[in-house]
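# Examining the three-dimensional arrangement
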Amino acid sequence: MKIAITKGRVIDPASGLDRVGDVCITDNRLAAVGERPKDFHPDRTIDANGLVVAPGLVDLCARLMEPGSEGALKVEMQAALAGGVTGVVCPPDTDPPLDEPGLVRMLRQTSRASAGARTYPLGALTAGLKGEALAEIKTLYETGCVAFMQTGSLPHDNSVLLQAMRYARTFDLPLWLRPVENTLAGAGVAAAGPVAGRLGLPSIPVVAETVALQTIFELQRASGVRLHICRLSSAAGIELVRRAKQEGLPVTADVGIHHVHLIDVDIGYFDPRFRLDPPLRSARDRDAIVAGLADGTIDAICSDHAPIGDDDKQLPFGEAAPGATALETLLPLTLKWATENKVPLVKALARVTSRPAEILSEDTGRLTVGAKADIVVFDPQAHWQVTPDVLKSAGKNTPFAGYELLGRARYTLVGGDVRLGG
């Protein structure tokens, strides 16, 4: 099918393009961007007057429930499309973990059947994510895993991590790591500081992140592996990543969207909606995150989506499951960050489109002729209130419940197929 998206504000963060024009699609790929060829006769025309036409968002972390649970995954895929997300990275901490080729095949098959966003599975770095024996990394890669991750925290045995890095380097496979030293994080549920002390909550110190990062970078120097650091949360951690990049280490990093806006004080009186992992830290840490996004130390913003139900969330703060729904709020919260910090829209969108796609080495996240036609058409001035009845995700728990946000997807196209919008 030939599709023309007309009269929209076309933004391509990869090239810096920002102009009113048309986007043409033929055979699931972009045929023209900016000027519409005179001989292009579309089967369908989408009027984007007053709207922004941009690459679909690429989310580097969204949990999609069990690998073979078609119903649950379809619900989360509808949430992704509603948020303008056309690509989703699924971490390996599913139930069961993605440590076997059969489970990866099942996830990919279920994802295709859902007709939602593209799914990029991360394979488990170790068997069962237990941090002891390496998983079948090479086989998992051949099955479709884009990278390999140890969720939660680093393996207890550094020799296992070094072995994994050397093995991955042999095949030039990237590793994704959460910078958490579990012996220091312990059973903490809030960031160490005055707020956790006043509320009497077991805390997680910043050194749990920085010690992990120091270990990661020392082992990276010894192995030469490509690394992606997931969900930075502290000023000190961001500075370590900044130095690693200045040194020339092959490393990229992301941050969760909630940490771009919120701080530990927002926990209020034990509000479990603000129980996140990593925990919300101080205003100084949040400011460092904003600065890191501005100078490129932090490459991408992810939703860190977790569709947690009320039974697991509406509990005392320390017992509530960490995480929040965020696929549908990623776009408006990115726009909110851009507006509050005077970041040009083209640069803000790069953090959720072109840069994540580059990290994945994917032919998406950009509006260039020949690229996959993964596109979001959104209204940057659309007001909407975050309420359970509006959210498509099975998880309705979010720190932004009741907020009025700006920015809503009107059309979401995946491979030239209009999957959201009339």
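Now for a look at the structure at hand. (Residues numbered from 1 in each chain as written. Predicted model: local features only at pLDDT ≥ 70, side-chain atom pairs only at ≥ 80, totals over all residues. Heavy atoms only, no water.)

## Structural notes on the sheet that holds strand 15 (residues 300-302)
- Strand order across the open sheet formed by 8 strands is 6-7-8-9-10-13-14-15, with parallel pairing between neighbours. The sheet is open, and its two edges are formed by strand 6 (57-59) and strand 15, each paired on a single side. For this sheet, the mean angle separating the axes of adjacent strands, direction not counted, is 25°.
- Bridge analysis of strand 10 (residues 175-177) against strand 13 (residues 227-229) gives 3 bridges, and the strand direction is parallel. Note that in strand 13 the partner of W176 across the bridge is H228.
- Each of strand 10, strand 13 and strand 14 (251-256) touches helix 7 (residues 207-223); the most contacted strand, strand 13, lies at about 170° to it. (Pairing = 2+ DSSP bridges. Helix = DSSP H or I, 4+ residues; strand = E, 2+ residues; numbered from the N terminus. Axes fitted to C-alpha atoms, helices over the stretch in contact; angles between N-to-C directions. Contact = heavy atoms within 4.5 Å.)

## Focus on the packing of helix 8 (residues 235-247) against helix 10 (residues 283-295)
- Taken N-terminus to C-terminus, the directions of helix 8 and helix 10 make an angle of 25°; their axes are 8 Å apart at the nearest point. One finds that helix 8 runs roughly parallel with respect to helix 10. Between helix 8, through A235, I238 and R242, and helix 10, the contact on the second element is made entirely by R284, D285, A288, I289, G292 and D295.
- Classifying every residue of the contact of helix 8 with helix 10 by side-chain character gives 4 nonpolar, 1 polar and 4 charged. (Parallel < 35°, antiparallel > 145°, perpendicular 65-115°, else oblique. Nonpolar A, V, L, I, M, F, W, Y, C, P; charged D, E, K, R; others polar.)

## Details of the environment of A283
- Relative to the helices and strands, A283 resides in helix 10.
- Residue A283 is classed as partly exposed on the basis of its relative accessible area, which comes to 31%.
- Expressed as a C-alpha distance, the spacing of A283 and L57, which sit 226 residues apart in the sequence, is 27 Å. (Buried < 20%, exposed > 50% of the residue type's maximum accessible area, 1.4 Å probe, protein only.)

## So, the state of the cysteines
- In total, this model carries 0 disulfides according to the counting rule given.
- With no disulfide of its own, C90 has C61 as its nearest cysteine by sulfur position, at a separation of 8.5 Å.
- Residue C90 is classed as buried on the basis of its relative accessible area of 1%. (Disulfide = S-S within 2.5 Å.)

## Structural notes on helix 4 (residues 158-170)
- Taking 1.5 Å per residue as the helical rise, helix 4 with its 13 residues ought to reach 18 Å, and the 18 Å between its terminal C-alpha atoms agrees with that figure.
- Listed in full, the buried residues belonging to helix 4 are V160, L161, L162, A164, M165 and A168. (Expected span 1.5 Å × (residues − 1).)

## Some details on unusual backbone geometry
- D95 connects to P96 through a cis peptide bond whose omega is 5°.
- By the element assignment, P96 lies in the loop between strand 7 (85-90) and helix 2 (101-114).
- Across the junction of D277 and P278, the peptide omega takes the value 5°, indicating a cis bond.
- Structurally, P278 is set in the loop between helix 9 (257-261) and helix 10.
- Phi is positive for K342, close to 55°, though the residue is something other than glycine.
- Summarising the element assignment, K342 is placed in the loop between helix 12 (330-340) and helix 13 (345-350).

## Description of the nonpolar core
- M165, L175, F217 and I301 are the most contacted members of the largest nonpolar core, which has 93 residues in total.
- Looking at this core element by element, the count peaks at 6 residues for helix 12.
- Leaving out residues up to four positions away in the same chain, I301 has contacts with V255, G256, I257, V260, L293, L330, W337, R351 and V352.
- Formed by 18 residues, the second largest nonpolar core is a distinct cluster that contains I25, A48, I375 and V418. (Core = buried A, V, L, I, M, F, W, Y, C linked by side-chain atoms within 4.5 Å.)

## Digging into a nonpolar patch on the surface
- Among the surface-exposed residues, L184, V207 and V211 lie close enough to one another that they form a single nonpolar patch of about 200 Å² accessible area.
- Summarising the element assignment, L184 is placed in helix 5 (residues 182-185).
- Assessed through its relative accessible area of 35%, L184 is described here as partly exposed. (Patch = residues over 30% accessible without salt bridge, like charges linked within 9 Å, V, L, I, M, F, W, Y side chains within 5 Å. Areas by Shrake-Rupley, 256 points an atom, 1.4 Å probe, with all protein chains shown as cover. Salt bridge = Lys/Arg side-chain N within 4 Å of Asp/Glu carboxyl O.)

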